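The residues making up each chain are set out below.
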Amino acid sequence: MKVLKDKYPKGTWKYQKTDGRYVDALLHQNLRLLATKIVKDMTFLGIGFSSTLEVGTGKSVLFTQIGEIWGDLVKEIHGIDVDFKQQNVVFRPEDLIERAFKVPQYSCILLDEWEDAHYWSGLGMTLRKFFRKCRQLNLFMLVIIPNFFQLPLGYAISRSIFAIDIKFDDDLERGGYDFYGFKAKKKLFIRGRKYHDYNVQIPDFSGEFFDGYGVPEKAYRDAKRLDMLKYDEDDKVISPREIECSAKREVLAKIYEGLKDKITQDDLAAALSLNRRTINDWIHKYRKAFPKKMSGNEAGGDAYNNLQDNKPSVVGEGEEGQ
């Protein structure tokens, strides 16, 4: 079926034969039901993932289209303007809650897939905070994740209202998906989690979608690029703990350099209540990071490459454990 006919008249896209954007009728029916109930103090969570490749299947395309259709349905049913715009999309869990208070009540907000070393722990904490702090905002929240079976159990089974598997076909063509309603999603998670098997449960229905973001594509790509750049910058920031450890290594290494003819690493370990291996590692790491700061060692020469001591280190003189 076609929706948003005024927004997308014939000719908006190449080969478009009629007005509007295509959406599967069953998907639209489910979205209409949720849009009808959202004003009854409800908050909904929908999950998007891919059972084939984690990237490139079109998850962001389909879910921004869902957000756009959601805004159209809420306006049609309730007369409330909750247009889905770029401000409704975030790429970091820490941005989700702050953004939730900036969009109108009953809006759709999308947490798009992101890259982070603490992905799943961050997602779990964010979802807990969201439902604790933002429940009264009555939002329709969409979350895109790489793997459905790694979602925290409570959100996979109880909190989320549906899950959609956006996937490639056998020829690596995108544009297809499987929709799992509340009961089917629960069975998929319970039955398939052990072996990450997506074939254990039949979806409620399968559908297709076509290219075209639900927000201006340039704005979306620019926002995602800026977020990636910000992530790269954040990744370069040295934590207070790292600064403290670096300072300790520097002090210890300088003490050892200045008194190496009078003390051993064992002496330092005993005085500081540390393991001798730790002492050796600290001196070695500092020597590798700042060789020119060490007196008499402009090129990191033998005086420090062979740490002068009267006992061999647990991990070998001047070497870290493999």
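The structure under discussion appears in the preceding block.
Residues numbered from 1 in each chain as written. Predicted model: local features only at pLDDT ≥ 70, side-chain atom pairs only at ≥ 80, totals over all residues. Heavy atoms only, no water.

*Asks:* Any chance you could break down the side chain of Ser50 for me, citing the residues and the numbers?
*Replies:* Relative to the elements of secondary structure, Ser50 occurs in the loop between strand S3 (44–49) and helix H2 (59–78). For Ser50, a relative accessible area of 4% translates into the label buried. A distance of 3.2 Å separates polar atoms of two side chains, one belonging to Ser50 and the other to Thr52. Among the polar contacts listed, one links the side chain of Ser50 to the backbone oxygen of Ile166, at a separation of 3.0 Å. Ignoring sequence-local partners within four residues, the contact set of Ser50 consists of Thr57, Lys59, Ile145, Pro146, Asp165, Ile166, Lys167 and Tyr198. (Helix = DSSP H or I, 4+ residues; strand = E, 2+ residues; numbered from the N terminus. Buried < 20%, exposed > 50% of the residue type's maximum accessible area, 1.4 Å probe, protein only. Polar contact = N/O pair within 3.5 Å; in protein donor to acceptor, adjacent residues only side chain to side chain. Contact = heavy atoms within 4.5 Å.)

*Asks:* So what's going on with the pairing of strand S9 (residues 205–208)? Residues and values would help.
*Replies:* Look at any regular strand and the pattern is simple: side chains alternate between the two faces of the sheet. Only one face of S9 is covered, namely the face carrying Phe205 and Gly207; the face carrying Ser206 and Glu208 is uncovered. For strand S8 (residues 176–180) and S9, the ladder comprises 4 bridges, and the chain directions are antiparallel. Bridge assignment links Gly176 to a residue of S9, and that residue is Glu208. (Pairing = 2+ DSSP bridges.)

*Asks:* Residues and numbers for the packing of aromatic side chains, please.
*Replies:* Each pair of aromatic rings is reported with the distance of its centres and the angle of its planes. Taken as a whole, this structure holds 17 aromatic pairs when the rule is applied. Relative to Phe209, the ring of Tyr177 has its centre 6.4 Å away and its plane inclined at 35°; by these criteria the two rings are tilted. Of this pair, Tyr177 sits in strand S8 while Phe209 sits in the loop between S9 and helix H7 (217–236), and the two are 32 residues apart along the sequence. Summarising the burial analysis for this pair, Tyr177 and Phe209 share the class buried. Stacked on the ring of Tyr8, the Lys or Arg Arg21 has its end atom at 4.7 Å from the ring centre. Against the face of Phe131 rests Arg159, its NZ or CZ located 4.3 Å from the ring centre. (Phe/Tyr/Trp six-rings, centres within 6.5 Å; stacked < 30°, edge-to-face > 60°. Lys NZ or Arg CZ within 6 Å of the ring centre and 35° of its normal.)

*Asks:* Lay out the sheet that holds S9 in plain terms, naming residues and giving numbers.
*Replies:* Across a sheet, strands are paired by hydrogen bonds formed along the backbone, either parallel or antiparallel in direction. Spatial ordering of the open sheet is given by S4-S5-S6-S3-S7-S8-S9, a layout of 7 strands whose pairing is mixed. Either end of the sheet is taken by a strand with one partner, and the two such strands are strand S4 (89–90) and S9. Where S3 meets strand S6 (residues 140–144), 5 bridges bridge the pair, whose relative direction is parallel. Bridge pairing in S6 links Ile47 to Val143. Packed on one face of the sheet, helix H3 (residues 93–100) meets S4, strand S5 (108–111) and S6 and runs near 165° to S5. (Axes fitted to C-alpha atoms, helices over the stretch in contact; angles between N-to-C directions.)

*Asks:* Break down H3 for me, citing the residues and quoting the values.
*Replies:* Looking only at H3, the buried set comprises Pro93, Leu96, Ile97 and Ala100. What you see down the axis of H3 is that its buried residues fit within an arc of 85°, all on one side. (Arc of directions from axis to C-beta.)

*Asks:* An account of the pattern of salt bridges is requested, with residue identities and associated values reported.
*Replies:* Following the criterion strictly, the structure yields 11 salt bridges and no others. For Asp211, the salt bridge goes to Arg174, with nearest N and O atoms at 3.2 Å. Residue Asp211 is found in the loop between S9 and H7, and its partner Arg174 is found in the loop between strand S7 (162–167) and S8; the two are separated by 37 residues along the sequence. Note on Asp211: relative accessible area 53%, which makes it exposed. (Salt bridge = Lys/Arg side-chain N within 4 Å of Asp/Glu carboxyl O.)

*Asks:* Residues and numbers for unusual backbone geometry, please.
*Replies:* One non-glycine residue, Leu4, adopts positive backbone phi at about 55°. Here Leu4 shows up in the loop between strand S1 (2–3) and strand S2 (21–22). The class of Leu4 is buried, set by a relative accessible area of 12%. Here Leu172, not a glycine, exhibits a phi torsion of approximately 60°, which is positive. Relative to the helices and strands, Leu172 resides in the loop between S7 and S8. A relative accessible area of 57% means that Leu172 is categorised as exposed.

*Asks:* Just give me the short version of the pairing of S7, but keep the residues and values in it.
*Replies:* Burial within S7 is extensive, with 5 of its 6 residues counted as buried. Pairing between S3 and S7: 4 bridges, direction parallel. Bridging from a neighbouring strand, Ile47 pairs with Ala163 of S7. One ladder, built from 5 bridges, connects S7 with S8; its direction is antiparallel. Bridging across to S8, Ile166 finds its partner in Tyr177.

*Asks:* Before we move on, could you go through the packing of helix H1 (residues 25–37) against H2 and cite the residues and values that matter?
*Replies:* Where H1 meets H2, the closest approach of the two axes is 9 Å, and the angle between their N-to-C directions is 50°. It follows that H1 is oblique to H2 by the angle criterion. The handedness of the crossing between H1 and H2 is right-handed. Facing H1, whose interface residues are Leu27, His28, Leu31, Arg32, Leu34, Ala35 and Thr36, H2 presents Leu62, Ile66, Ile69, Trp70, Leu73, Val74, Glu76, Ile77 and His78. Class assignment of the residues belonging to the contact of H1 with H2 gives a composition of 11 nonpolar, 3 polar and 2 charged. (Parallel < 35°, antiparallel > 145°, perpendicular 65-115°, else oblique. Left-handed = near helix turned anticlockwise from the far one by under 90°. Nonpolar A, V, L, I, M, F, W, Y, C, P; charged D, E, K, R; others polar.)

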